[in-house]
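An overview of the molecular structure
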Amino acid sequence: MTSRRTVPVRDATEHHARPAPHRRIPSVRGGGRRRALPGRALSAACLLLATACATGTETTEGGPRAGESRTASPSPSPSANPVVKEIPAEQWQRITETGTWREGCPVTREDLRRVEVNYVDFEGGTRRGVLVVNADIAESISRVFTRLFDERFPINRMQPVEAYDGDTKASLEDNNTAAYNCRRLDQINAPVRESPHANGRAIDINPLQNPWKDLRCRCWSPSAEYAERTPGKGAILDGGLVWRTFVDEGWIWQNIKVPDYMHFDAGYPSVPVTGGRPSPTTSAAPPPDYPLSDASPSPSDQPAAGRADSGGPDN
């Protein structure tokens, strides 16, 4: 019997070990003498085959066709994506239950719209917010918040006031951006039929960073922390991004005689808007005396200027 000679296994660091015998692989074509590939060529062929399989160049069931590669589709860039809807029955029930709307308010459910829009929060994330506004400025407010989203202006929170049981003070203290509110009789307000908020044509943005001055107590609401007008996250400045965005749409900033940095409206007294855009020439005259609730200081307890000009956080 013929004996076989043993070929030693080469170590990776061994450069002079005797090479293993050539392997023979079948020829693709039949007949004739079959030619063997040397070991190095065989290794290269196997490497190419493995690479082809890994990149999907071979057709597999449910996979890409030959020559295609598997690449993940890029995620679309986030956008404001504003959507204007009629007020749903469930939301309207909540609005009426909380007194955010009541008999005598100047607009009805048919006059209002629900605007759903994405905004950038204070951590740089994207959130979906809801505003309730008059139908005649719904497209304008959609354009405003699309621009603010594109410019990455941060907003702390955005939900309707009925989420706070119709309590303006609670909404402000939660640093909530909100629009429509026909305030209850136990809350300070301008004459209800003339009020931009009660007509759905006003909005308060980031109340903490943009407070208003309440002359009844000579204090800032909801806090004096950011009363000084300096650049900062969520702050509204004269001539700044938010100011320019609203003014370009015909809105008016802090339309009362005292500082009210959070507030934009379509004009006082509130009147119907035509063409979906407030008029830049809308009167900016301040509202007259505000009615005082039972919980408010009596007129004799207020500073003289405050009786005529302080009113609520805005009109």
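Predicted model, so just to flag it, every value in this text is computed and none were measured. (Residues numbered from 1 in each chain as written. Predicted model: local features only at pLDDT ≥ 70, side-chain atom pairs only at ≥ 80, totals over all residues. Heavy atoms only, no water.)

Points about the overall build of the protein chain
To keep things clear, this is the line we draw: Strands here mean DSSP runs of E at least two residues long; helices mean DSSP runs of H or I at least four residues long; both are numbered from the N terminus. Buried, partly exposed and exposed residues are distinguished by accessible area as a fraction of the type maximum, computed with a 1.4 Å probe on protein chains only: under 20%, between the cut-offs, and over 50%, respectively. Any two residues whose heavy atoms approach within 4.5 Å are treated as being in contact.
A tally of helices and strands in the protein chain yields six helices and eight strands. Traced from its N-terminal end to its C-terminal end, the protein chain shows the element sequence α-β-α-β-β-α-α-β-β-β-α-β-β-α. Taken over 315 residues, the protein chain has a buried fraction of 43%. Considering only residue pairs separated by 6 or more positions, the protein chain has 61% of its internal contacts joining residues 24 or more positions apart.

Brief notes about the state of the cysteines
The condition is simple: A pair of cysteine sulfur atoms is labelled a disulfide when the two atoms are within 2.5 Å.
Tallying each qualifying case throughout the model produces two disulfides. A sulfur-sulfur distance of 2.1 Å marks the disulfide that ties C105 to C182. On the sign convention where negative is left-handed, the bridge of C105 and C182, at about -95° about the S-S bond, is left-handed. Remark: C182 occurs in the loop between α4 (168-173) and β4 (202-204) and C105 occurs in the loop between α2 (89-97) and β2 (112-120); sequence separation between them is 77 residues. Using a relative accessible area of 8% as the deciding quantity, one classes C105 as buried. Across the disulfide from C217 sits C219; the S-S distance is 1.8 Å. Here C217 and C219 share a disulfide; its torsion about the S-S bond, -55°, makes the bridge left-handed.

A closer look at the packing of helix α3 (residues 138-150) against helix α5 (residues 241-248)
What counts here: A fitted line through C-alpha atoms serves as each axis, taken over the contacting stretch for helices, and the angle formed by two N-to-C directions is quoted from 0 to 180°. Angle categories: roughly parallel below 35 degrees, roughly antiparallel above 145, roughly perpendicular from 65 to 115, and oblique for all the rest. We call a crossing left-handed when the near helix sits turned anticlockwise from the far one by less than a right angle, and right-handed when that turn is clockwise. Think of it as three bins: nonpolar holds Ala, Val, Leu, Ile, Met, Phe, Trp, Tyr, Cys and Pro, charged holds Asp, Glu, Lys and Arg, and polar takes everything else, Gly as well.
As a packed pair, α3 and α5 sit with axes 10 Å apart at the nearest point and diverge in direction by 155°. Judged on the interaxial angle alone, α5 and α3 are roughly antiparallel. In this structure, α3 crosses over α5, and the sense of that crossing is right-handed. Of the residues in α5, those in contact with I141, V144, F145, R147 and L148 of α3 are L241, V242, R244, T245, F246 and D248. Within the contact of α3 with α5, the residues separate by chemical class into seven nonpolar, one polar and three charged.

Topic: empty space enclosed by the protein
The cut-off we apply is this: A cavity here means a set of points on a 1 Å grid, drawn over the protein atoms and nothing else, where a 1.4 Å probe fits but cannot get out; a pocket is an open set with protein on both sides within 12 Å along at least five of seven lines, and a residue lines either one if it has an atom within 4 Å of a point. Grid points are joined across faces, edges and corners, and a volume is the space filled by probe spheres set on the points.
Using the criterion set out here, one finds one cavity of 30 Å³ or more in the structure. Around the largest cavity sit V161, T168, S171, L172, N176, A178, A179, N181, R183, H197, D204 and P207, which together line it. For the lining of the largest cavity, the leading source of residues is α4, giving three residues. For the lining of the largest cavity, the residue count by class is five nonpolar, five polar and two charged.

As for the confidence of the model for the protein chain
It should be kept in mind that the predicted coordinates are not to be read in detail where pLDDT is low. Formally: Confidence per residue, as judged by the predictor, is encoded in pLDDT with a range of 0 to 100.
Residue-level pLDDT values for the protein chain average 77, and 64% of them are 70 or greater. A low-confidence stretch, residues 25-35 stays under pLDDT 50, and its non-local contacts, those more than four residues away or across chains, total six contacts.

Re the packing of aromatic side chains
For any two aromatic rings, the description comes down to two numbers: the centre-to-centre distance and the angle of the planes. Stated formally: Ring pairs are drawn from Phe, Tyr and Trp, using the six-membered ring of Trp, whenever the two centres fall within 6.5 Å, and their geometry is named by plane angle: stacked under 30 degrees, edge-to-face over 60, tilted for the rest. Working rule: Lys NZ or Arg CZ, within 6 Å of ring centre, within 35 degrees of ring normal, means a charge sits over the ring.
This structure, assessed with the given rule, holds seven aromatic pairs. Ring geometry for W92 and W101: centres 5.4 Å apart, planes at 50°, overall tilted. Ring centres 6.1 Å apart and planes at 35° place the aromatic pair W253 and Y261 in the tilted group. Looking at W253, the relative accessible area reads 14%, which means it is buried. For Y261, a relative accessible area of 13% gives the class buried. If you follow R229 out to its NZ or CZ, it ends over the ring of Y261, 4.3 Å from the centre.

Quick look at the sheet that holds strand β3 (residues 126-134)
Within a sheet, each strand pairs with its neighbour through backbone hydrogen bonds, oriented either parallel or antiparallel. Filter applied, for reference: Two strands are said to pair when DSSP picks up at least two bridges between them.
Strands sit in the order β1-β2-β3 across an open sheet of three strands; the sheet is antiparallel. With partners counted over all chains shown, the strands left at the sheet margins are β1 (83-86) and β3, one partner each. The mean inter-strand angle of the sheet, taken between neighbouring strand axes irrespective of direction, is 25°. Of the strands in this sheet, β1, β2 and β3 touch α3, which is tilted by about 5° from β2.

Describing the nonpolar core
The cut-off we apply is this: Grouping buried Ala, Val, Leu, Ile, Met, Phe, Trp, Tyr and Cys residues that are joined through side-chain atoms within 4.5 Å yields what is termed a nonpolar core.
Ranked by size, the top nonpolar core spans 29 residues in total, and within it I141, F145, I203, I205, F246 and F264 carry the most contacts. Where this core is concerned, the elements lending two or more residues are β2, β3, α3 and α5. It is α3 that contributes the most residues to this core, six residues altogether. One finds W92, V107, L112 and C182 within the second-largest nonpolar core, a separate group that totals 11 residues.

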